[in-house]
Every structure is written in C-alpha cells, then in structure tokens.
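Overview (structure and organization)
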Amino acid sequence: MPRNIERPDTLLDSLGRVFQQGLGGMQVVTGGNDREQQHQNTRKRQQRLHIWFAAQWTVPRKSALRSREAGESADTKSEPEEVEQQFHNWTCQFSTLRGRNRGQHSTGQQIHWLSWDAIVPRITNSQEAGASRYDEGLVNPTKDGAMIRSRRLLPAIVRAIVFSGLMMLQVPPASSQRTPDQQHSYRKAMEEADQKIADEVKAHSELIKNLAYLTTQIGPRLTGSPQMQAASDWTLKRFRDYGVEAHLETTKVDHAWTRGSETASIISPIQRRIGIHAYGWSKATDGEVSGTVVTLDIQKPSDLDTYKGKLKGAVVLARKPADLSASEPNPENAYDAVIPPQRGVVNQGMSWRERAELMRQIRDEEPKLILSDSGKPDSLFSMTGAYPSYNASGVPMAFLTHEDYDLIWRLSQSGPVTLKANLQSTFSAKPVPASITVAEIKGLELSDERVIVGGHLDSWDLGQGALDNGTGAMAVLEAARALESLGWKPKRTITFVLFTGEEQGGIGADTFVKNHAAELPKIDGVLVLDTGTGKVFSIALENLWETAPLMSEIYRPLQEVFDLQPLSTRYFGASDHVEFLDKGVPAYFCMQLPAHYREAHHSQTDTFDKVIPDQINEGAAFLAAWAWNVSEMPQPLPHHEGTKDASE
Ligand SMILES: [Zn+2]
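In this text the structure is predicted, and so the values were computed from the model without any measurement.

1. Structural notes on the overall build of the protein
Per the secondary structure count, the protein includes 20 helices and 19 strands. In the protein, which comprises 648 residues, the proportion classed as buried is 49%. At a minimum sequence separation of 6, the contacts of the protein that also span at least 24 residues come to 85%.

Right, dumping it as structure tokens:
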C-alpha cells in the first residue's frame, strides 16, 4: 500500500465529511470587516467550539481502520501531536454559530456545550453496546469502527481538548442508563404505535377539509385582523369538536393593518402601469404621490452619507435588483428554497440590525416612497412587515415584482425616472387582540411534563396563507384529532399550539413562553412544522447535540414508519421554535421537500391548490407520532442553557 493513503481519520477530514452531510449551518467565522477584528472574534469564538466534533472524529472510515489495524501509518508524526495540531488549526478557523435573530440564518452566535463527561460515556457506550446510538441517525458509523477508534483516540482527544482550552463544561451527561433490551422494547412499541397513528390519519384525516375551510371561507390571516381572530375561534372549536381540551391565550398588538387599493405607474421616460403591494403595516401614501427615482448602492452603513440631503421627496430603490440566476436551482428543502444557506467563507455584509438602522436613516431623509424588489421569478410578489411591528412605518414602503424593479433600475442608470403611486392601507385606531390556540391531551403519569407540536396560524395576505402556514397549522390540528381518536393516554401531556404573529416577529410564541414561564423546565420538547406542504423527510437537530442520543432513539421508529432520512445536523431559525430554544427548551424544526414553497412563500400564489394532500397528511401523522414517542420516552430530553430569561 502506498504511504500517502488518504487520511480520512484526521479531524479536518472528518469535519469535512460532517460538513458534506449537511452542516450548512456551520460557517467560517467572520465578524467585522477588518482582519484583526475578525481574528479576535475568531479567537473568542473558538472557545465556543463544540466538542461534539471531537466525538464525531471517532467515526472512522472502515478502510482506513483496517490499514491502521494492519500497522500501516501515513506519516511519522505521532497521532496525538497531529490531533492537537489539527484540532488547534480547526478551532482557530471555525466555530459553529447558532442564529439568534429571527429571520437571520445562522449569523448569531451561542453554543451550548457538551461536557467531556457527556462525551466519554457516549463513546464508551458505543463500545459496550456495539453500535453508537449517538451516531446512529447522524452518520451511521461502522460498528467495530467506533469501538476501535474510541480506544485509540480517547487520550488524543483528551489532550486535544485540553490543548484547546475548551473545558467550559456546562451540560450534565445525557447518557442513557437503560439496557439495550429496554431500548429495543421502546423501539418496537413506538414502531407499532407510530404505524397505528399513520393508519388512523390515512383512514380518517380531516386535514384537507379543514385546510379548505381555513383558506377559502376564512382566507388569509394577518395578525390582529378579523380573519385571524375568526381562525383562532374556529380552530378552538375544531379541537373541541374532536374531544381535545382547548383554549385561547390572547395578547394585544398595537394596531391591526388592512391593505387598501394599490396602484403605481412609471411616468417617464416611458409610460407603464406596474403592480405594487405595500409592506405590511406600511403607512399609506398621501393620496397619489410622484417622485424621481433614486437608486442606492450601499454596502455598509456609512455609504448612506453620500445620499444625505438628496432623498427628500424621492422614490428610493434601496438595493440593487436581486440576482435570480444565483439562486440554488434545486434546494434540498423548503427552508433553503426561501432562505438560502450560507456556505464557505461568508461575507456577512450588513447585519439585520444594521439594515434596520439604515432603513430608519433613509426614512429620516423623508423620501415619498421606498421600494423593494420581490426577488422572485415570474412576477411573483414577496411580502414582509415594515418595522417596528404593528405600527405605521415612517415612510410608505412597497414591493414591486422583480421584473419591474429591474426595469426601473436599468432605466435610472441612463437618466431620470419618475414614478407615481397610490397606496391606501388603513390602521385600527386602538390595539387589537391576537390569540394563540392551545390544546392538550393530558398525560397520565407525568402530566406536568409537556411535549409540544406547533405551527403558526397567521399568514401574509396576498394569497390565502395555504403553504405558509395553513398546512402546518392544520397538520397540528389533525395530529390532535388522530391521537384523541385512538383513545390512548400519553405518559406526558401532549400540547398542540397554533401560534400567531409569527410573520411579524413571533408574538404568539412569546405569549406562550411568558404565560408558561414556570412550566418551561418541564417542557420535554417542541417540534414546529412551518415550510409548506412537502413531505417531512427529517428533523433538524438545531445544534442540540446533547439531545442527540435520545432524539436518535425517538426518531428511529419514525424513520421506519415514515421512510425518513437521518436526523439532520442543520440549524434553522426563523420560526416559533426559536423562542423556546432561547429559553433552553429543546425545540426542533421539520425539514420538508420544497414542493412549491419558493414560489408560494409570502406571494400571491400561496393558495390551496398548491397543497399536496398525501404529503401533508403524512406530515400530520409524523407530528403526532413524534409527540407520542417523546411522551413515552423514559427520560426527558435534556435542556440547554438558554440565552434569555422567560421574562424577556
Ligand atoms: Zn411560516
């Protein structure tokens, strides 16, 4: 054998493989624009490196192992030295980040730690049990591989970790005290139950009937609107119709907002009517307004200085047109279809906060109107809310189609362009109620412990709120119906939550978390479905590595019954589970096939006809089965250290 064999067992290679297996949520740490700053940040963050990867390293490639076993070595450097070096190099370059800000994909940071105490039992467990439960769903290690590597590498890893100064140990060991027999019988029992749940949904699902009513008779559901309140009342009744205890928990938002008539035209140098839709909670225009277009080219906040004093009365195009050719043609999942994952060395650009601040400064310049590119193909509109939520934006803001935005941008490069527009939206005079629907099947043995499945019921208003997120909300309702009609009594309480205000920052999830602050330590797990109608094919582990051993056990029967891919190592933010993650509660996100999500998301084509009944019905059964499996697990999923108090 040649000496220079591939060395798949170096830490970097192993990490490379972990990357390839879907760690898109990981990124090279950059922070700040200057190199020194980046370097400092990197060093700070290296301390947050997740030791989980050290455990991953124990998963070898079989061939490499065999050559090792045969006494072959790739070079003369001793293994521990090399490990230390690689580990050090790696920690200087990478850290895992968890996105903290709603709507931002993995740009925040906060990592919770696996302690060494937690890792050693996993590795030794894998020696004893023969196969690593921990990695089962994640990387499918070879049986004997895990054993051999763990014997060889334990000392090396210990030294590497000491070397890297990473002993910030916060999480107690999560290893299972249960015997393989006990684990086996749990798995068998869950497979049987999950299959029955799937059969019940297949035979008697009311999901599509409910979704048709929601999207047709009630329609789109802006938070605080009469339609949203009607949907809350109606879902309350539906849960009760199915025999599931339910109630509303109601908060208030400052103002309801109602879209009015919306028109726009290019007046010169060409004449052309164009489509336009105001941002949610955009201030109305002062009747029909016209103005000259000013296009902004802003890479960093200080670039706005160039435009100071020149924007008053103008129609502002705040960013270059989107480059649609750059979007991934075949996204792996529905979330990536609308929020593309960052890969490789990421140039952070402006943060969400910087952008918000920039928009505030642009507003202060008093333009007549700020326009945004919808960034979607085929004249699809996008939609989002003006900031701050539930109050009138200082300046009217609106979306154009990508095609029209691009046209205006190009026209403006060769001379002045004048537009006129008339946006007539209205606000409620007073605060209005906004409710979440909370339903429950009480646990028999551990009724104060909870498993939550949820999805938001509110939506944007250009379409019908079918895929975002009528499907998720109706799947949660169907999960409740199916479990109740089976008549089983879960060990823990299973709670079903239909959130509101998700599209404006999560006031519904906030409300739940505040109302139940004292109960948070006893929430065993949360699972949210919020990416449309496509088949659920995995659950994202959301960086909750310490929950991986138990989650793998919970997931394994689901994998059998629903034909799923392994648990995903991805992190997804931007939905109601984030509120729970912030409080230290294990909270996960369903990964779904794209199934029209890119087009429908926040656009006028988010309509009932896009729904794929079989796939979302299966999603409903999956939610119910996951909740059941968590409820029946002898041990609760471990919590992590939250980043916010329940009162925040
Ligand atoms: Zn959504």
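2. What about the sheet that holds strand β15 (residues 446-456)?
With mixed pairing, the 7 strands of this open sheet are ordered in space as β3-β14-β16-β15-β17-β19-β18. Two strands bound the open sheet, and with one partner strand each, they are β3 (245-253) and β18 (536-540). The sheet shows a mean angle of 25° between the axes of neighbouring strands, taken without regard to direction. Where β15 and strand β16 (residues 492-499) come together, 8 bridges link them in parallel fashion. Paired with Arg 450 across the two strands is Thr 493, which belongs to β16. Along the sheet, helix α16 (residues 507-515) makes contact with β3, β14 (432-441), β15 and β16, crossing β3 at roughly 115°.

3. Re unusual backbone geometry
Note that the residue after Ser 268, namely Pro 269, is joined by a cis bond; omega there is 10°. Along the chain, Pro 269 turns up in the loop between β5 (262-268) and β6 (272-274). Following Asp 468, the chain continues to Asn 469 via a peptide bond in cis, the omega torsion being 5°. Summarising the element assignment, Asn 469 is placed in helix α15 (residues 466-486). Notably, Trp 281 is not glycine yet its phi reads approximately 65°, a positive angle. Here Trp 281 lies in the loop between β7 (277-278) and β8 (289-295).

4. A word on helix α17 (residues 548-562)
An ideal rise of 1.5 Å per residue puts 21 Å on 15 residues; α17 measures up with 19 Å between its terminal C-alpha atoms. Immediately downstream of α17, the backbone of Asp 563 shows phi near 55°, a positive value.

5. What to know about the nonpolar core
Considering soluble globular proteins, one finds that nonpolar side chains tend to be buried as a cluster. Ranked by size, the top nonpolar core spans 136 residues in total, and within it Val 476, Ala 479, Leu 623, Ala 624, Ala 625 and Ala 627 carry the most contacts. Each of domain 2 (209-253 + 431-632) and domain 3 (257-427) gives at least three residues to this core. Not counting residues within four places of it along the chain, the set of residues in contact with Leu 623 comprises Val 453, Ala 475, Val 476, Ala 479, Leu 527 and Leu 529.

6. A short note on the confidence of the model for the protein
Low pLDDT means the predicted coordinates in that region are not meant to be read closely. Here the protein averages 77 in pLDDT, and 71% of its residues register 70 or above. Mean pLDDT values over the elements of the protein span from 30, in strand β1 (residues 27-28), up to 98, in helix α10 (residues 207-218). Confidence over residues 72-81 falls short of pLDDT 50; this stretch has 11 contacts with residues more than four positions distant or in other chains.

7. Focus on the packing of α10 against α15
Two numbers describe a pair of packed helices, the interaxial angle and the distance between the axes. For the pair α10 and α15, interaxial distance at closest approach is 9 Å and the crossing angle is 135°. One finds that α10 runs oblique with respect to α15. Here the hand of the crossing between α10 and α15 comes out right-handed. Packed against α10, whose contacting residues are Leu 207, Asn 210, Leu 211, Leu 214 and Thr 215, the element α15 presents Ala 466, Gly 470, Thr 471, Met 474, Ala 475, Leu 477 and Glu 478 at the interface. Residue classes in the contact of α10 with α15 are distributed as 7 nonpolar, 4 polar and 1 charged.

8. Section: the pairing of β8
With 4 bridges connecting them, β8 and strand β12 (residues 418-423) associate as antiparallel partners. Looking across to β12, one finds that Thr 292 is bridged to Thr 418.

9. Comments concerning the sheet that holds β6
With mixed pairing, 8 strands are arranged side by side in an open sheet as β6-β5-β12-β8-β9-β10-β11-β7. Unpaired on one side and paired on the other, β6 and β7 mark the two borders of the sheet. Strand contacts of helix α14 (residues 402-413): β5, β6, β8, β9 (315-317), β10 (369-373) and β11 (397-400), with the helix running at about 75° to β8, the strand carrying the most contacts.

10. With respect to the packing of helix α9 (residues 180-204) against α15
Viewed as axis vectors pointing N to C, α9 and α15 meet at an angle of 110°, and their least axial separation amounts to 10 Å. Judged by the angle between their axes, α9 and α15 are roughly perpendicular. Along its contact with α9, which presents Lys 196, Ile 197, Glu 200, Val 201 and His 204, the element α15 presents Glu 478, Ala 482, Ser 485 and Leu 486. For the contact of α9 with α15, the residue count by class is 4 nonpolar, 2 polar and 3 charged.

11. Looking at the environment of Ser 389
Its location among the elements puts Ser 389 in the loop between β10 and β11. For the pair Ser 389 and Gly 280, spaced 109 residues apart in sequence, the C-alpha separation works out to 8.8 Å. Among residues more than four places away in sequence, those in contact with Ser 389 are Trp 281, Gln 504 and Gly 505.

12. As for the pairing of β16
On a regular strand, one side chain projects to one face of the sheet and the next to the other, so that they alternate. Most of β16 sits out of view: 8 of its 8 residues are buried. Bridge count for β14 against β16 is 5 bridges, and the pairing is antiparallel. From the neighbouring strand, Glu 440 faces β16, where its bridge partner is Thr 495. Viewed along the sheet, the connection from β15 through α15 into β16 turns out right-handed.

The rules we used
Residues numbered from 1 in each chain as written. Predicted model: local features only at pLDDT ≥ 70, side-chain atom pairs only at ≥ 80, totals over all residues. Helix = DSSP H or I, 4+ residues; strand = E, 2+ residues; numbered from the N terminus. Buried ≥ 20, exposed ≤ 12 C-beta atoms within 10 Å, placed from the backbone. Contact = placed C-beta atoms within 7 Å. Pairing = 2+ DSSP bridges. Axes fitted to C-alpha atoms, helices over the stretch in contact; angles between N-to-C directions. Expected span 1.5 Å × (residues − 1). Core = buried A, V, L, I, M, F, W, Y, C linked by C-beta atoms within 7 Å. Domains from an automatic or database assignment. pLDDT = per-residue confidence, 0-100. Parallel < 35°, antiparallel > 145°, perpendicular 65-115°, else oblique. Left-handed = near helix turned anticlockwise from the far one by under 90°. Nonpolar A, V, L, I, M, F, W, Y, C, P; charged D, E, K, R; others polar. Right-handed = clockwise from strand over helix to strand, strands pointing away.

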